[in-house]
Amino acid sequence: MLCGRTNTPAFGVITAAENLRFGPSRNPWDTNRSPGGSSGGAAGAVAGGMFPIAHANDGGGSIRIPASYCGLVGLKPSRGRVPRLAQSWLGAVVEGVVSRTIAETAVVLDAISGPDLNAWYNAPVPAHPFAQDVGADPGRLRVGLMSSAPLGIPTDENCVAAARAAAALLEELGHSVEEVEVPTISEEMVPPFIALTQGGLADYEGVDWPATEPHIQHTRKLAGETGAYDYVLAARSLELLSRREVARWGSDFDVLLTPTSAILPPVAGATMEAQHAAPDQPVFDVVASVSFTAFGNVTGLPAVSLPLHWTDEEVPVGVQLTGGPWQEAALIALSAQLEAARPWAERRPAALAAG
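All values derive from a computational prediction rather than experimental measurement. (Residues numbered from 1 in each chain as written. Predicted model: local features only at pLDDT ≥ 70, side-chain atom pairs only at ≥ 80, totals over all residues. Heavy atoms only, no water.)

A. Structural detail: the overall build of the protein. Along the protein, the regular secondary structure elements total 13 helices and 10 strands. Whereas a compact globule of 355 residues would reach a radius of gyration of roughly 20 Å, the protein reaches 19 Å, a difference of no more than 12%. Overall, the protein is about 55 × 50 × 45 Å in size when its C-alpha atoms are taken along their principal axes. When burial is assessed residue by residue, the protein has 55% of its 355 residues classed as buried. Taking as baseline every contact in the protein between residues at least 6 positions apart, the subset at least 24 positions apart corresponds to 75%. For the protein, the computed accessible surface area is about 15,500 Å², with 55% contributed by carbon and sulfur atoms. Between the averaged position of the 22 positive side-chain charges in the protein and that of its 37 negative side-chain charges there is a distance of 3 Å. (Helix = DSSP H or I, 4+ residues; strand = E, 2+ residues; numbered from the N terminus. Rg over C-alpha atoms; globule rule 2.2 N^0.38 Å. Buried < 20%, exposed > 50% of the residue type's maximum accessible area, 1.4 Å probe, protein only. Contact = heavy atoms within 4.5 Å. Areas by Shrake-Rupley, 256 points an atom, 1.4 Å probe, with all protein chains shown as cover. Lys, Arg positive; Asp, Glu negative; His and termini not counted. Charge placed at Lys NZ, Arg CZ, Asp CG, Glu CD.)

Next comes the structure, spelled out in structure tokens:
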């Protein structure tokens, strides 16, 4: 049974659930902070105890970023794993949930995934239900650790600490961990990905564009100026980049471990305010939030944010595991192993725990 709708940014293009119509959503762990976005309203509702799970989708990190900021599990499935009526951003946008446990996420993934004979993209049918991977032995995996964001993007020390603590735990559990560098965001990837997302705004009909928010109007204008050749070239560039980088999974390492975000949850309302002040400029909070996550959307790889770390002020800091092509089963088994070693499901914001 569906219970209602939760807040998102306009058209889902910034990483905070903030808009002029409903205002900013707030993070139950610290109400001065944002729950992230775009599925921030969903994550805030689960973290705040309103629901056990909530639908979320992810085109650049919109499941994993709110999960990280709100102390939840957020799995972005592989491209084509969950059927969609339209393959937004050439399949970069995928459907999933935010939840408290990896078992809940696995059960929902079994319920919503499956082949779609009319879809452009279809993931291979899994060997067994994903729920069976909860508690299964993941084997000894080679984990690549990257604790700082590429391109010199400043990475909060708490985010670095979260990834390194998770690496230490993985070693305790018998896995091997080595430092690696992966261009999860790069000068090569950013321009074609922006072209792809801008083109997505051309799909909407019946919208009163002059009444939309300043950054949406700017992006819509750019979408109208992006020619078909530019769009096709952007898609080709991202495909070639993906083929080159994805080959490292199974060769250099089995799973990539990073922080989910390069920053802690920003101040509520600040991301929208900064984007409205400079509609034609990238906002630092958005860039830092997607610096580890957008790679999974470009490549189609599955990735999960796990709530393994909190700051001294009880602000959640997620860590991300990115698996190889179609390897949700391996991610679920490894995530369940980490959850069993460092349980998080009963951890609650102070205001809820006191109640």
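B. A look at the sheet that holds strand β9 (residues 303-310). Taken together, the eight strands give an open sheet; going across it, the order is β3-β5-β4-β9-β10-β8-β6-β7, and neighbouring strands pair in mixed fashion. Edge positions in the sheet fall to β3 (53-58) and β7 (176-179), since each of these pairs with one other strand and no more. This sheet shows a mean twist of 25° between the axes of neighbouring strands, independent of strand direction. Judged from the four bridges that link them, strand β8 (residues 255-259) and strand β10 (residues 316-322) form a sheet pairing that is antiparallel. (Pairing = 2+ DSSP bridges. Axes fitted to C-alpha atoms, helices over the stretch in contact; angles between N-to-C directions.)

C. Geometry of the nonpolar core. One finds Leu72, Val98, Leu257, Val304, Leu306 and Leu321 to be the most contacted residues of the largest nonpolar core, which totals 47 residues. The leading source of residues in this core is helix α5 (residues 157-172), at seven residues. Residues Val93, Phe193, Leu256 and Ala294 belong to the second largest nonpolar core, which totals 29 residues. (Core = buried A, V, L, I, M, F, W, Y, C linked by side-chain atoms within 4.5 Å.)

D. Fine view of the packing of aromatic side chains. Evaluation of the coordinates by the stated rule reveals five aromatic pairs. With centroids separated by 5.5 Å and ring planes inclined at 20°, the aromatic side chains of Phe11 and Trp209 adopt a geometry described as stacked. With a gap of 198 residues between them, Phe11 in the segment before β1 (18-19) and Trp209 in the loop between α6 (190-200) and α7 (214-225) connect regions that are remote in the sequence. Ring geometry for Trp89 and Phe193: centres 6.1 Å apart, planes at 85°, overall edge-to-face. With a gap of 104 residues between them, Trp89 in helix α3 (residues 88-91) and Phe193 in helix α6 connect regions that are remote in the sequence. For the pair Trp89 and Phe193, a shared accessibility class is recorded, and that class is buried. Ring-pair connections join several aromatic residues into one group, and the members of that group are Trp249, Phe253 and Phe295. A cation over a ring is seen here: Arg79 above Tyr121, with NZ or CZ 5.7 Å from the ring centre. The aromatic ring of Trp310 is capped on one face by Arg347, whose charged end is 4.0 Å from the ring centroid. (Phe/Tyr/Trp six-rings, centres within 6.5 Å; stacked < 30°, edge-to-face > 60°. Lys NZ or Arg CZ within 6 Å of the ring centre and 35° of its normal.)

E. Here's a closer look at the packing of α6 against helix α8 (residues 228-246). Where α6 contacts α8, the two axes come as close as 8 Å, and the packing angle between them is 130°. Relative to α8, α6 is oriented oblique. For the pair α6 and α8, the crossing hand works out as left-handed. In this structure, α6 uses Pro192, Phe193, Ala195, Leu196 and Gly199 to contact α8, whose residues at the interface are Tyr231, Ala234, Ser237 and Leu238. Looking at side-chain class alone, the contact of α6 with α8 contains seven nonpolar, two polar and no charged residues. (Parallel < 35°, antiparallel > 145°, perpendicular 65-115°, else oblique. Left-handed = near helix turned anticlockwise from the far one by under 90°. Nonpolar A, V, L, I, M, F, W, Y, C, P; charged D, E, K, R; others polar.)

F. Structural view of the layout of surface pockets. For the second largest pocket, the calculated volume is near 510 Å³. As for the second largest pocket, its lining consists of 24 residues, of which Arg79, Glu239, Ser242, Val298 and Thr299 are closest to the centre. Elements represented by at least two residues in the lining of the second largest pocket include exactly α3, α6, α8 and α11 (294-299). The leading source of residues in the lining of the second largest pocket is α8, at six residues. Among the residues making up the lining of the second largest pocket, the classes are represented as 15 nonpolar, six polar and three charged. (1 Å grid on protein atoms, 1.4 Å probe; cavity = no way out; pocket = protein on both sides within 12 Å on 5 of 7 lines; lining within 4 Å. Points joined across faces, edges and corners; volume = space filled by probe spheres on them.)

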